[in-house]
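# Chains, contacts and geometry: an overview
Chain by chain, the residues:
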Amino acid sequence: MCNIFDLAANCARPTDLVDLDQQRTEREVYLVMKHGVEAKSYDDIAKAEKLKPLEVELRRLEDLSDSIVNDFAYMRQREEEMRGTNESTNIRVLYLSIFSMLVLLALALWQVLYLRRYFKAKKLID
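Residues numbered from 1 in each chain as written. Predicted model: local features only at pLDDT ≥ 70, side-chain atom pairs only at ≥ 80, totals over all residues. Heavy atoms only, no water.

### Details of the UniProt feature "transmembrane region" (unreviewed entry) in the chain
The sites that UniProt annotates as "transmembrane region" (unreviewed entry) are residues 93-115. Here residues 93-115 runs as 100% helix and 0% strand, with 33 Å between its end C-alpha atoms. (UniProt positions renumbered as here; feature names shortened; annotations may be inferred. Helix = DSSP H or I, 4+ residues; strand = E, 2+ residues; numbered from the N terminus.)

Structure, rendered in structure tokens:
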């Protein structure tokens, strides 16, 4: 995937280079980012290829439909990855819960045997 980024900046008023520390002001910068079909300039394409307005609109719709198909393919791929992650996580939780139950049962058995031996040593039970 090739990413091309262009950035243009324009200053509405000239700034003096003298005393820049005293002239500090807060500025808000808004970026309008377009990608995919939105970023294409169909006017330039129409001029370069000498297309009629209907052909330009058809080209735009074709690009839009290709973009939608690509987005759905990407979503399907992500869904498969997430499903695999979900299934592996469920298996790990199952194994952890089985291990926890076995440890608790072993501790309960040990506790019963230990208390039985203790009470026999103190002669509280037969």
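Let us keep going from here.
### Things to note about a nonpolar patch on the surface
Side chains of Leu96, Phe99, Val103, Leu104, Leu107, Trp110, Tyr114, Leu115, Tyr118, Phe119, Leu124 and Ile125 sit close together on the surface and give an oily, nonpolar patch of about 1200 Å² of accessible area. Summarising the element assignment, Val103 is placed in helix α2 (residues 53-121). (Patch = residues over 30% accessible without salt bridge, like charges linked within 9 Å, V, L, I, M, F, W, Y side chains within 5 Å. Areas by Shrake-Rupley, 256 points an atom, 1.4 Å probe, with all protein chains shown as cover. Salt bridge = Lys/Arg side-chain N within 4 Å of Asp/Glu carboxyl O.)

### Describing the packing of helix α1 (residues 42-49) against α2
Relative orientation of the contacting elements α1 and α2 amounts to 125 degrees, with a least axis distance of 10 Å. Overall, the two elements α1 and α2 adopt an arrangement that is oblique. For α1 against α2, the interelement crossing comes out right-handed. Residues Tyr42, Ile45, Ala46 and Glu49 of α1 lie in contact with α2, whose contacting residues are Val56, Arg59, Arg60 and Asp63. Looking at the contact of α1 with α2 residue by residue, the class counts come to four nonpolar, no polar and four charged. (Axes fitted to C-alpha atoms, helices over the stretch in contact; angles between N-to-C directions. Parallel < 35°, antiparallel > 145°, perpendicular 65-115°, else oblique. Left-handed = near helix turned anticlockwise from the far one by under 90°. Contact = heavy atoms within 4.5 Å. Nonpolar A, V, L, I, M, F, W, Y, C, P; charged D, E, K, R; others polar.)

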